[in-house]
Amino acid sequence: MTTLPRNLRFSVRCVALLAAVGLSLPAFAQTPSAPGAQRPKVGLVLSGGGARGAAHLGVLKVLEELRVPVDVVVGTSAGAIVGAAYASGMPLRAIEKEMSGLRTASLFRDVAREDLPLRRKEDDGVDFIGPEVGLGPNGVQLPKGAISGVSLEAVLRRLTARQRSANFDQLPIRFRAIAADVSTSEMVVLDHGSLSDAVRASMALPAAVNPVQLEGRLLVDGGVVRNLPVDVARSLGADIIIAVNIGTPLLARKEIVSLLSVADQMVRILTAKNVNQSLSELTPRDVLLTPDLGTVATADFDRLPEAVAAGERSAREAAEVLSRLALDERGYARLVDTRRVAEQAAVGRIDEVRVVGAINVEPAVVLAAMESRAGEHFDTEVADRDLKRIYGRGDFEHVSYRVVDEPGTGRVLTVDVAEKAWGPHYLRFGLGLSTDFEGNAYFNALLSHRWTWLNRLGGEWRNDVQIGRTERLRSEWYQPLSEAQRWFVSGWGDYRRDPFDLYQEGRRFARLKVTKSLVGVDVGAPLGTAGEVRFGLVRGRASFGTEVAPLLVSDLPSDSVGGLSLQLRFDELDSVRFPRFGYAASVKWQRSLGALGATSVYTKLGVDLRAAYSLGRHTLRASLTGAGAVGADKELPAHELSQLGGFLQLSGYHTGEFVGRGMRFGRLIYTYQLRQGGLLEGAFVGVSAESGRIGDAVSGPDKAASRRGNAIFLGVDTPVGPFYLGYGRASANAQAVYLYLGQP
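Reading guide: rules and limits
Residues numbered from 1 in each chain as written. Predicted model: local features only at pLDDT ≥ 70, side-chain atom pairs only at ≥ 80, totals over all residues. Heavy atoms only, no water. Helix = DSSP H or I, 4+ residues; strand = E, 2+ residues; numbered from the N terminus. Areas by Shrake-Rupley, 256 points an atom, 1.4 Å probe, with all protein chains shown as cover. Core = buried A, V, L, I, M, F, W, Y, C linked by side-chain atoms within 4.5 Å. Buried < 20%, exposed > 50% of the residue type's maximum accessible area, 1.4 Å probe, protein only. Contact = heavy atoms within 4.5 Å. Salt bridge = Lys/Arg side-chain N within 4 Å of Asp/Glu carboxyl O. Pairing = 2+ DSSP bridges. Axes fitted to C-alpha atoms, helices over the stretch in contact; angles between N-to-C directions. Nonpolar A, V, L, I, M, F, W, Y, C, P; charged D, E, K, R; others polar. Phe/Tyr/Trp six-rings, centres within 6.5 Å; stacked < 30°, edge-to-face > 60°. Lys NZ or Arg CZ within 6 Å of the ring centre and 35° of its normal. UniProt positions renumbered as here; feature names shortened; annotations may be inferred. Polar contact = N/O pair within 3.5 Å; in protein donor to acceptor, adjacent residues only side chain to side chain.

Thoughts on the overall build of the chain
Then, in step 1: Secondary structure assignment for the chain yields 16 helices and 32 strands.
Then, in step 2: On the chain, roughly 34,700 Å² of surface is accessible, and the fraction owed to carbon and sulfur atoms is 57%.

So, the nonpolar core
Then, in step 1: Core analysis: the largest hydrophobic core is formed by 62 residues, its most contacted members being Leu44, Leu63, Phe175 and Ile242.
Then, in step 2: The biggest single contributor to this core is helix α3 (residues 78-87), with seven residues.
Then, in step 3: Each residue touching Leu63, except ones within four places of it in the same chain, is listed here: Leu44, Val68, Val70, Ile242, Leu322 and Tyr332.
Then, in step 4: Core analysis: the second largest hydrophobic core is formed by 22 residues, Phe378, Phe396, Tyr401 and Val415 among them.

Quick word on the environment of Pro172
Then, in step 1: Tracing the sequence through the fold places Pro172 in the loop between α7 (150-159) and β6 (174-181).
Then, in step 2: Here the alpha-carbon distance between Pro172 and Arg340, two residues 168 residues apart in the chain, equals 7.5 Å.
Then, in step 3: The residues touching Pro172, leaving out its near neighbours within four places in the chain, are Ala87, Ser88, Gly89, Arg339 and Val341.

Quick look at the pattern of salt bridges
Then, in step 1: Scanning the model with the defined rule gives 52 salt bridges in all.
Then, in step 2: Arg119 is the salt-bridge partner of Glu460, the closest N and O atoms lying 3.0 Å from each other. Taken together, the residues Glu460 in strand β18 (residues 460-468) and Arg119 in helix α6 (residues 118-121) connect sequence positions 341 residues apart. Each member of the pair, Glu460 together with Arg119, is buried.
Then, in step 3: The partner of Asp300 in a salt bridge is Arg303, with the nearest N and O atoms 3.4 Å apart.
Then, in step 4: Overall, the relative accessible area of 24% leaves Arg303 in the partly exposed class.
Then, in step 5: Linked by salt bridges that have partners in common, Arg119, Arg120, Glu122, Glu132, Lys420, Arg450, Glu460, Glu476, Asp522, Glu532, Arg534 and Arg569 make up one network.

Description of unusual backbone geometry
Then, in step 1: The step from Gly423 to Pro424 runs through a cis peptide bond, and the omega angle for that step is 5°.
Then, in step 2: Position of Pro424 relative to the elements: it lies in the loop between β15 (410-419) and β16 (425-435).
Then, in step 3: Its identity as a non-glycine residue notwithstanding, Glu215 has a phi of 50°, on the positive side.
Then, in step 4: Structurally, the position occupied by Glu215 is in the loop between β9 (212-214) and β10 (217-221).
Then, in step 5: On the accessibility criterion, Glu215 (68% relative accessible area) is exposed.

Focus: the sheet that holds β15
Then, in step 1: Reading across the sheet, the three strands line up as β13-β15-β14 and stay open at both edges, with mixed pairing between neighbours. Looking at the sheet topology across the chains shown, the edges are occupied by β13 (352-356) and β14 (396-406). Neighbour to neighbour, the strand axes of the sheet diverge by 20° on average, direction disregarded.
Then, in step 2: Helix-sheet contacts for helix α16 (residues 380-392) involve β14 and β15, and the interaxial angle to β14 is about 150°.

Focus on the packing of helix α2 (residues 55-66) against α3
Then, in step 1: It is the contact of α2 with α3, at a shortest axis distance of 10 Å, that shows an interaxial angle of 35°. On α3, the residues touching His56, Leu57, Leu60 and Glu64 of α2 are Ala78, Gly79, Val82 and Tyr86.
Then, in step 2: Here the contact of α2 with α3 is composed, by residue class, of five nonpolar, two polar and one charged.

Looking at the packing of aromatic side chains
Then, in step 1: Summed over all chains, the structure comprises 14 aromatic pairs.
Then, in step 2: Between Phe578 and Tyr724, the aromatic rings sit 5.6 Å apart at their centres with planes inclined by 35°, giving tilted as the arrangement. Placement of Phe578 in the loop between β23 (558-571) and β24 (582-592) and of Tyr724 in strand β31 (residues 721-730) is noted, with a sequence separation of 146 residues between them. Here Phe578 matches Tyr724 in class, with each residue buried.
Then, in step 3: A network of ring pairs unites the aromatic residues Phe578, Phe647, Phe684, Phe713, Tyr724, Tyr738 and Tyr740 as a single cluster.
Then, in step 4: A cation over an aromatic ring shows up here: Arg119 above the ring of Tyr478, its NZ or CZ 3.8 Å from the ring centre.

A look at the side chain of His56
Then, in step 1: Structurally, the position occupied by His56 is in helix α2.
Then, in step 2: Once residues lying within four places of it in the same chain are set aside, the contact partners of His56 are Leu46, Ser47, Ala78, Gly79, Val82, Val244 and Ile246.

Comments concerning the UniProt feature "active site" (unreviewed entry) in the chain
Then, in step 1: Here, the residues flagged by UniProt with the feature "active site" (unreviewed entry) are Ser77 and Asp221. Despite a sequence span of 145 residues, these residues sit close together in the fold, their greatest C-alpha distance being 6.1 Å.
Then, in step 2: Turning to its location among the elements, Ser77 is positioned in the loop between β2 (72-76) and α3.
Then, in step 3: For Ser77, the contacting residues outside a window of four places in its chain are Gly48, Ser202, Met203 and Asp221.
Then, in step 4: Mapping Asp221 onto the fold places it in strand β10.
Then, in step 5: Filtering out sequence-adjacent residues up to four positions away, Asp221 remains in contact with Thr76, Ser77, Ala180, Ala201, Ser202, Met203, Ala204, Leu205 and Pro206.
Then, in step 6: A distance of 2.9 Å separates a polar atom in the side chain of Asp221 from a polar atom in the side chain of Ser77.

With respect to the pairing of β6
Then, in step 1: Burial within β6 is extensive, with seven of its eight residues counted as buried.
Then, in step 2: Pairing of β2 with β6 involves five bridges; the strand directions are parallel. What sits directly across from Gly75, in β6, is Ala177.
Then, in step 3: In sequence, β6 turns back onto strand β7 (residues 187-190) through a hairpin of five residues, with Ser185 there showing a positive phi of about 70°.
Then, in step 4: Where β6 meets β10, three bridges bridge the pair, whose relative direction is antiparallel. By the bridge assignment, Ala180 is partnered in β10 with Val220.

Written out as structure tokens, the structure reads:
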């Protein structure tokens, strides 16, 4: 064997040593941008966390600035939203612009109140507690979630509009969304189908958002099984993981106050456990980013810019490590060019519109309610409005659409509907409470039942039972007259007993009750979703009785009732509990006729006008209400009495302290929103200025005087209804403290 010279042997050892060291260096120490070098595959793992997920946008912004390539994206829940949009080829700037319009109030409400038909809006004025429940063969059934996600799905469709392939491996960047099968507790890795459906399933937070049915599975938020899916990215061939853990901190004890918060805490506990497991799977080659999101909560969609900034800061702090993965400018530009996807061209003309999934509901009725028509060009905004309008009818737990090309048919817009599993019998419960802390306490308890789709045109039977201060039993059959439902007939019966307290010098000396037993039939027409006009005939009887009365109260009247009515109503308020925008108006004309059996002949006109306007957290609300006789007949019978007095109805006076045959009342209320809500509307402080007049009063020394009242109050929207604590002071130095649960 030939012996090498000493200096040559030394050189060989040095080369061997350098080669060994080079082989042991981490992959990111290579220079993948160099010609012929093979760079490692980079997997981006984006965790869930609601609104905190906007931090992912900040991270992506820095990765693009540093020219870090991303080969695989795996996301859970909020991470799936950002990941799907980015992987489908949507520019980061466009994603951020689309998400900047998200607001907590809009996402946590399936549809705006303006999309509800007037019949559904009427329920807002009733003191209902909690959601509508079903009544079936197995007893009472509850919805699967607090919201359906109709508004959210419209956003997801816009974010994933660049999808060209149902195979997620064929997207510009390979993508996976993580969900959980609620029936088996298994992790489900979604790798094909509609991106928007996959993301919707990945973020279906249990108890808050309805689960999603996909390919026979019932799917919920993937955070409960894999909130930081490092292993999934690794299985797709990622050599190096960039994991972004936005965290889902546990709720504090004081924050656990409801069924939803308890369910939310359980999800957080499960999430924290599986995140710890995923963190243990990271290697020294991987990069972990943990943005400091401070007090930004999962439902704080109004604070998305703060979350974006937090993600950007976190990525910049790791810029030195991340830059080792960077490509040179030319290489990164080529990569971006290969992944660029243009906005999808307009779908064009729709050849057919069809409804799929209806069982009890007549599909023709759904089609008649849509603006999208066969033969017209498809418009995504119109289609989204159609879905909200269809969902707002109250028949479905889920609605969505798809556009596909069918051989021999052409382009088909298919509306997929899922009828409520807890219908067609629905129950709602209500409760109203109030006290002025001076011995005047009232309550009303209500049970309401609806039986829908009794025939193919959408006939509905509704029954309401109320006990308490006002006792009432009402039944109505509502029957549309065509599939378009442009006309209807309503037959109804109404039995009620209302109290009338008589006061003198601020002291109650008698309590009467007027009992009305009425039946009627109305013919009417809906005016879009905003209004309604009705013309009706009514017959019945009205009588007075006493509960507490001195001998002076005697000879109480009893009248037969019969007449005609014409009513026009509009309601465009965004809320009845704490309105911030819009208006509502009601005008009702009644003519009592002897020919229809009435004891008294008269004409009555009632008017109710309300409006609200807001600037930021400041809101001004105004209302005008009046009722009285018009025309030649100047006097109304006793059973047409009006009342004033009580919280926000001449604050400072007792509830119903002033009674008479004619009434005029006006009110201005200013509120400041202390706290914004998610599913609820938040908390408010407010003040009011009120003025009213009872004409021809039957009690009080000053029978026709104008009176004023003022109030200051705290109002909070709660799961059991609006809650008020207020103080009122009246023009006669009367004052009272009020506690209210329900609509004042």
